[in-house]
Amino acid sequence: MSELPFGLDEALLSRLAVSGPRYTSYPTAPEWSADFGPGDASAAYARAAQRPDEPLSLYVHLPFCSRLCLYCGCTVEISGRPDRADSYLDAVERELELLAPQLGARRTLTQLHWGGGTPTFLSVPRLQRLHALISKHFTFRSDAEVSVEVDPHVTSAEQVSALVDLGFNRVSMGVQDLDARVQHAVRREQTSDETHDLVAHCRAAGVEGLNIDLMYGLPEQTEQGFAATLDAVAALAPDRLAVFGYAHVPWLKPAQKALEDYALPDAPTRARLFGLALQKLVAADYQVVGLDHFAKRDDSLMHALRDGRLHRNFMGYAVRAAEDMLGVGMSSIGEVAGAFIQNARDTKTYEAELAAGRLPVIRGLHRSAEDELRRAVILSLMCQMRISWPELEQATGRTQLAAHFASEWEALKPFADLGMCTMSSDALQVTEVGRLFLRHMAMLFDESLAKRAQDQGDQGPRFSKTL
Ligand SMILES: C[S@@+](CC[C@H](N)C(=O)[O-])C[C@H]1O[C@@H](n2cnc3c(N)ncnc32)[C@H](O)[C@@H]1O
């Protein structure tokens, strides 16, 4: 077994392996309210409509997969029938018809992302139909970032070419691990050739940005095996990589229970695996972004990091191209005019609500002024790895932030003592070793966690392990 990265010690890692949010939103999803419904969503859309000249981002969720990967934490519906997508697309059509007019004249997209599930579960004519449904209501800026998630095992060259013809210029590919033993354990068989061929097809078809997803912390993963995966994937030279820590949340995703038959990697092993990713990908000339992303120096994610436009949402790290992001499709999350808006998380309810002529919104949250402030601090930590009160005062229009967060600042000092950050009187910079503890530092600014700990009324785990 190799040394722990950054000379960390096992006891410290085990002690800090608590459960905690990944801060893909703040306030986090368990805090959103079921009292927030279609009327609240419409009010947010009406506020967004008041800025007709600003562009929008749009996320569309396509939940279908033909197989269930046992680690999967996403909202999916397994189906062996390609025509299952037809009634779903009918519902998406209705949702767009209900939603788009509420945005008035604000109809220009600067970013579109199709996520899943597996968007390429859809045949070429269905992909074309979905794009036409969107184009009926929205126009695209000439420089729009148009992206899609694909699973190399089920995605054909024809689908990639059709997507490129529709204007898709970024592709995100799920790989996870190339080691056959890991793939078998998690029921996600995918040969290196499949991945290699799809990368080649994407490049030949003119895809401009290629992302590959890997995961560490899976059963049967060894340092040797993961090192081979990292080498093979780095040789494919994608523009970006996401190296996600496996989130084991069997109380939300019962299929994950099957993975408990294996000894799941513990916190020190996970740190070693992530340490390998840092070492190999930095050597392959990638820059590290936030918790778990890697990008080539000239990738748009790096530009966003430098210009302060790097954002974190339920998809991970993204370029914040527009102030507001619409979410369409079952389970999708929108971030619009100070609110989070989430749709029904099962296709039956989603389709039934739309058939009845209602927006399928099941929960959400209007952020308070305090939420906005804490969100700005947490985003700054998770994205820029920095807290600077003067900068945050300028960005939020608030004053006296050092005094406002005096107790949180005190609570950060032990992290500085451990070398995870450096602190001055009004600024904090997370160090390279501190990158592994970003979630821990962000948790100190999370009011709802503090309240729940106080109430002690909270039962059972809600979040995955932080390490
Ligand atoms: C919607 S999924 C993948 C899209 C596509 N269906 C595929 O499988 O290639 C997006 C990514 O989330 C990550 N992911 C899924 N479940 C996860 C979990 N439990 N913990 C951490 N990451 C997870 C995987 O890396 C996956 O590629």
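Residues numbered from 1 in each chain as written. Predicted model: local features only at pLDDT ≥ 70, side-chain atom pairs only at ≥ 80, totals over all residues. Heavy atoms only, no water.

> Now, about the overall build of the protein chain: what can you tell me, with residues and values included?
Helix and strand counts for the protein chain stand at 17 helices and 19 strands. For 467 residues, the compact-globule formula gives about 23 Å, and the C-alpha radius of gyration of the protein chain, at 22 Å, lands near that figure. Along the first, second and third principal axes, the C-alpha atoms of the protein chain reach 55 × 50 × 45 Å. Of all 467 residues assigned to the protein chain, the portion counted as buried reaches 55%. Within the protein chain, residue pairs in contact and separated by at least 24 positions form 74% of the contacts whose partners lie at least 6 positions apart. The averaged location of the 61 negative side-chain charges in the protein chain is 2 Å from the averaged location of its 47 positive side-chain charges. (Helix = DSSP H or I, 4+ residues; strand = E, 2+ residues; numbered from the N terminus. Rg over C-alpha atoms; globule rule 2.2 N^0.38 Å. Buried < 20%, exposed > 50% of the residue type's maximum accessible area, 1.4 Å probe, protein only. Contact = heavy atoms within 4.5 Å. Lys, Arg positive; Asp, Glu negative; His and termini not counted. Charge placed at Lys NZ, Arg CZ, Asp CG, Glu CD.)

> How would you explain the packing of aromatic side chains if you had to name every residue and give the values?
Taken as a whole and judged by the stated rule, the model has 11 aromatic pairs. When the ring of Trp389 is compared with that of Phe405, the centres are 5.2 Å apart and the planes differ by 10 degrees; the resulting orientation is stacked. Placement of the pair is Trp389 in helix α13 (residues 389–396) and Phe405 in the loop between α14 (401–404) and α15 (406–417), with a sequence separation of 16 residues. Through a chain of ring-to-ring contacts, the aromatic side chains of Phe64, Tyr88, Phe121 and Tyr350 assemble into a single cluster. The positively charged end of Lys296 is found above the aromatic ring belonging to Tyr286, 4.3 Å away from the centroid. Over the face of the ring belonging to Tyr317 we find Arg312, whose NZ or CZ atom lies 4.7 Å from the ring centre. (Phe/Tyr/Trp six-rings, centres within 6.5 Å; stacked < 30°, edge-to-face > 60°. Lys NZ or Arg CZ within 6 Å of the ring centre and 35° of its normal.)

> Explain the pattern of salt bridges to me, and be specific about the residues and the numbers.
Within this structure, the stated rule accounts for 33 salt bridges. The partner of Glu353 in a salt bridge is Arg358, and the shortest N-O contact between them spans 2.8 Å. Between Lys413 and Glu410 there is a salt bridge, with the nearest N and O atoms lying 2.7 Å from each other. Of this pair, Lys413 and Glu410 both sit in helix α15, 3 residues apart, roughly one helical turn. For Lys413, a relative accessible area of 36% gives the class partly exposed. Several salt bridges share partner residues, and in doing so they unite Glu370, Arg374, Arg398, Glu408 and Glu447 into one network. (Salt bridge = Lys/Arg side-chain N within 4 Å of Asp/Glu carboxyl O.)

> Lay out the site of the ligand in plain terms, naming residues and giving numbers.
Neighbouring the ligand are 20 residues, the closest being Gly117, Gln176, Arg188, Asp213 and Ala247. For the ligand, an oxygen atom lies 2.5 Å from a polar atom in the side chain of Arg188. When the ligand sits alone it has 580 Å² of accessible area, and the protein chains cover 90% of it. Of all the elements in the fold, those that place two or more residues in the shell around the ligand are β5 (139–150), β6 (170–176), β7 (209–216) and β8 (240–245). (Near = heavy atom within 4 Å. Polar contact = N/O pair within 3.5 Å; in protein donor to acceptor, adjacent residues only side chain to side chain. Areas by Shrake-Rupley, 256 points an atom, 1.4 Å probe, with all protein chains shown as cover.)

> Explain the nonpolar core to me, using residue names and the numbers behind them.
Ranked by internal contacts, the top residues of the largest apolar core, which has 129 residues, are Trp114, Ile134, Phe294, Ile387 and Phe437. Formed by 10 residues, the second largest nonpolar core is a distinct cluster that contains Leu70, Val182, Met215 and Tyr246. (Core = buried A, V, L, I, M, F, W, Y, C linked by side-chain atoms within 4.5 Å.)

> Could you give an account of the side chain of Thr466, with specific residues and numbers?
Counting through the fold element by element, Thr466 comes out in the segment after α17 (447–455). Of the residues examined, Thr466 reaches a relative accessible area of 7% and is grouped as buried. One polar contact links the side chain of Thr466 to the main-chain carbonyl oxygen of Leu16, over a distance of 3.2 Å. Among residues more than four places away in sequence, those in contact with Thr466 are Leu16, Ala17, Val18, Ser19, Gly20, Arg439, His440 and Met443.

> Quick one: what's the story with the environment of Ala267, residue by residue and with numbers?
One can find Ala267 in helix α9 (residues 267–283). Linking Ala267 and Thr466, residues 199 residues apart in sequence, is a C-alpha distance of 8.8 Å.

> Just give me the short version of the packing of helix α3 (residues 84–99) against helix α11 (residues 347–355), but keep the residues and values in it.
Their axes nearest at 9 Å, the elements α3 and α11 cross at an angle of 50 degrees. In terms of axis orientation, α3 runs oblique to α11. In terms of crossing hand, the pair formed by α3 and α11 is left-handed. When α3 is examined against α11, the residues Arg84, Ser87, Tyr88, Ala91, Val92, Arg94, Glu95 and Leu98 are found in contact with a partner set consisting of Thr347, Tyr350, Glu351, Leu354 and Ala355. (Axes fitted to C-alpha atoms, helices over the stretch in contact; angles between N-to-C directions. Parallel < 35°, antiparallel > 145°, perpendicular 65-115°, else oblique. Left-handed = near helix turned anticlockwise from the far one by under 90°.)

> Can you break down the domain arrangement of the protein chain residue by residue, with the values?
Looking at the assigned domains, one finds that the protein chain contains domain 1 (1–27 + 368–467) and domain 2 (29–366). Just the C-alpha atoms count here: the centres of domain 1 and domain 2 sit 25 Å apart. Across the boundary between the two partners, domain 1 contributes 35 residues, which contact 37 residues of domain 2. Across the contact surface, domain 1 and domain 2 share 2 salt bridges. One salt bridge connects Glu335 with Arg375, and the closest N-O pair in it is separated by 2.9 Å. Summed over the shared surface of domain 1 and domain 2, the number is 12 residue pairs in polar contact (both at pLDDT 80 or more). Counting residues per element, the ones that place at least two in the side of domain 1 that touches domain 2 are α1 (10–16), α12 (369–384), α16 (438–443) and α17. The leading source of residues in the side of domain 1 that touches domain 2 is α12, at 7 residues. (Domains from an automatic or database assignment.)

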